[in-house]
Amino acid sequence: MPRSALTGTRIRERRTLLGLKQAELARAVEISPSYLNLIEHNRRRIAGKLLGEIARELHVEVAQLTRGAEAELLDQLGQAAADLPQAGAELERSDEFVGRFPGWAALVQAQHRRMQELQDRIEGLSDRLSHDPRLSSAMHEVLSKATAIRSAASILVETEDIDEAWRRRFHRNLHGDSLALAESAQALTSFLDSEDEARTEAGTPWEELELFLESQRFHFPALEEGGQPGAVLEEATELTPPAQDLARHYLERYRREAAMMPLDHVVAALEAGLPDPARLAAETGLPVATVLRRLASAPQLPGQDPVGLVFCDGTGQVAMRKPTSGFLVPRTGHACPLWPVYEALASPGRPVARRLAHSSTAGMPVQAYAVAEPRWPFGSDGPCLSEAWMVLLPQQEDPKASVLPVGSACRVCVLADCPARQEPSVMASGL
Amino acid sequence: MGRHVLLIEDEPNITEAMRFILARDGWTVSSHADGATAVNAVSRAKPDVVVLDVMLPGRSGYDILRDLRANPDTEGLPVMMLTARGQVRDRERAESFGVSHFMTKPFSNREVLDTLNSLLGP
């Protein structure tokens, strides 16, 4: 059906405005009411003499009935169809679609625009990662030093009859390269940190919440002393309404749990060394997840790294994170399948403890504790919805303690031959 | 004199480690660290195979490779490129210039030996 089919909608609007009945207009232009009905619902095309007569009866110019703002809409629908030809959109009936379902058509148009915006954003970020000279230079430096270290280390390990002069030389090279690698890694970390600091535009309500919590270092003295979340939220004018809802829920739970496990108890546990959340839960009679959240809400203690926190929904998406030293957490999507938070999701209610070494940071080991909380919002005959929490406590190196090597996410992980790998890595194979 | 490899690499400790393992495998090894004069270095050294880093001071490995392929004396010379970048388009770019093999850092010593030996054949 041609674009002029939209004219039917305009005819009907104009007729209604004038208070004319369909039968009256049909009689005036000498067509049947049923035929006019088909025209007005864009089921029959109209042009020429009949269109002129209807325009005259409606006291408008023909052009007013045939042109419209829908031209842009039709163009955009055409582009949307062209971008996804395999969908098989009926292009020849787009006029009818717009005329009969203007709301749905506007939705398709808006979604197409949004897809284009997101595509542009992805390309921009991809270009940045590919071409940013600082990032490129830092990555090149890190990988070159890693290559030199790997080659020298292999020679020392695999060459049994290496003479003393060469051995000393490679040891010296290893030492120099390891220092240079540390510097390069720091430069890279600084670059990525500055990128993170530059993050001012939160894309989702969860990201807004995370930025808000980060700005307060996940600690709210007013709530520790029995204050109300409303007073805290009044200051958070930057949050959109959906993020306000998330923040209210988070802060209300914070207030309840602060009353159940006061801050001095949390601080005492952290000062005593490595607090086992399951043991603390048993001592206090609180759920393990409450203890985890309370540990992460404590202010950073002198001489200690901040307690990290990861929150994961039942699908495995990392929705919120509190950073800590030596442990990179991906900004979006799923994280490393070896993280205890996933093990916890598989066994709701059972605490999981693992000592981790993050492959991307070559930092100190991190003690992780995780637990998943099951919920039955549909009742006992409905599905169980779980969400999992994991705290991260940076530790001193202990050569005797075994650690589990993990990464951030498979796509950017350098661990070679990892049995948990779910997709290829864009990084080179393991160091 | 055994098989001759020219290493064009500006990271001295990588060069030294490769020199060590290749020499123990029977290769004659020479090296060059400057991109701007690398093509002349190849012409002078007349190696059997070249190991060429992509990011070099003075000139990129891609430009050097293109010049080698444009010269009748070196158009068929086996060239293995080393790069810290492993993206598909980097590999495609190297292949479009006629690279014989493309290896991303960090690599293992065994990979280097096996690849160079395979490039020259039995």
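Quantities reported herein were computed from a predicted structural model and do not represent experimental measurements. (Residues numbered from 1 in each chain as written. Chains lettered and ligands numbered in written order. Predicted model: local features only at pLDDT ≥ 70, side-chain atom pairs only at ≥ 80, totals over all residues.)

1. Thoughts on the interface of chain A and chain B
Test applied: Note on contacts: residues are paired as contacts if their backbone-placed C-beta atoms lie within 7 Å. Secondary structure elements are defined from DSSP: runs of H or I of at least 4 residues count as helices, runs of E of at least 2 residues count as strands, and each element is numbered from the N terminus. Residues were grouped as follows: Ala, Val, Leu, Ile, Met, Phe, Trp, Tyr, Cys and Pro as nonpolar; Asp, Glu, Lys and Arg as charged; and all remaining residues, including Gly, as polar.
Counting residues at the interface gives 17 residues for chain A, matched by 17 residues for chain B. Looking at the side of chain A that touches chain B, the elements with two or more residues in it are helix 9 (133-158) and helix 10 (164-197) of chain A. The biggest single contributor to the side of chain A that touches chain B is helix 9 of chain A, with 12 residues. Residues that form the side of chain A that touches chain B fall into these classes: nine nonpolar, six polar and two charged.

2. So, the pairing of strand 2 (residues 318-322) of chain A
Residues and elements named next belong to chain A. Note the cut-off: Buried residues are those with 20 or more other C-beta atoms within 10 Å of their own C-beta, exposed residues have 12 or fewer, and partly exposed residues lie in between; C-beta atoms are placed from the backbone. A pair of strands is considered paired only if DSSP assigns at least 2 bridges between the two.
Burial analysis of strand 2 places four of its five residues in the buried class, which makes it a mostly covered element. Pairing of strand 1 (residues 308-312) with strand 2, which is carried by four bridges, proceeds in the antiparallel orientation. Within strand 2, the residue paired with Leu309 across the bridge is Lys322. In textbook terms, the turn of a hairpin is the stretch between consecutive antiparallel strands, and for strand 1 and strand 2 this stretch comprises five residues, one of which, Gly316, has a positive phi near 95 degrees.

3. Structural notes on the nonpolar core
Inclusion rule: A set of buried Ala, Val, Leu, Ile, Met, Phe, Trp, Tyr and Cys residues, joined through C-beta atoms within 7 Å, is what we mean by a nonpolar core.
Within the largest apolar cluster, 61 residues are counted, with the highest numbers of intra-cluster contacts made by A:Leu292, A:Val341, A:Ala370, A:Val371, A:Ala388, A:Met390 and A:Val391. In this structure, A:Val371 is in contact with A:Val288, A:Ala289, A:Leu292, A:Ala344, A:Pro351, A:Val352, A:Ala388 and A:Trp389, ignoring residues within four places of it in sequence.

4. Comments concerning the packing of helix 11 (residues 205-215) of chain A against helix 14 (residues 241-260) of chain A
Residue and element names in this part refer to chain A. Convention followed: All axes are obtained by fitting lines to C-alpha atoms, using only the stretch in contact for helices, and the reported angles, taken between N-to-C directions, cover 0 to 180 degrees. Oblique is the label for any angle not under 35 degrees, not over 145, and not in the 65 to 115 range, which are roughly parallel, roughly antiparallel and roughly perpendicular in turn. If you view the pair so one helix is near and one far, a crossing is left-handed when the near helix is turned anticlockwise from the far one by less than a right angle, and right-handed when it is turned clockwise.
With their axes 8 Å apart at the nearest point, helix 11 and helix 14 run at an angle of 55 degrees to one another. Put simply, helix 11 runs oblique to helix 14. Crossing angle aside, the handedness with which helix 11 passes helix 14 is right-handed. Residues Pro205, Trp206, Glu208, Leu209 and Phe212 of helix 11 pack against Pro242, Ala243, Leu246, Ala247 and Tyr250 of helix 14. Considered class by class, the residues forming the contact of helix 11 with helix 14 number nine nonpolar, no polar and one charged.

5. Some words on the confidence of the model for chain B
Note the following rule: As a per-residue quantity, pLDDT reports the predictor's confidence and falls between 0 and 100.
On average, residues of chain B score 90 in pLDDT, and 95% of them reach the 70 mark or higher. Confidence, expressed as mean pLDDT per element, reaches its minimum in chain B at helix 4 (residues 88-96) of chain B with 81 and its maximum at strand 1 (residues 4-8) of chain B with 96.

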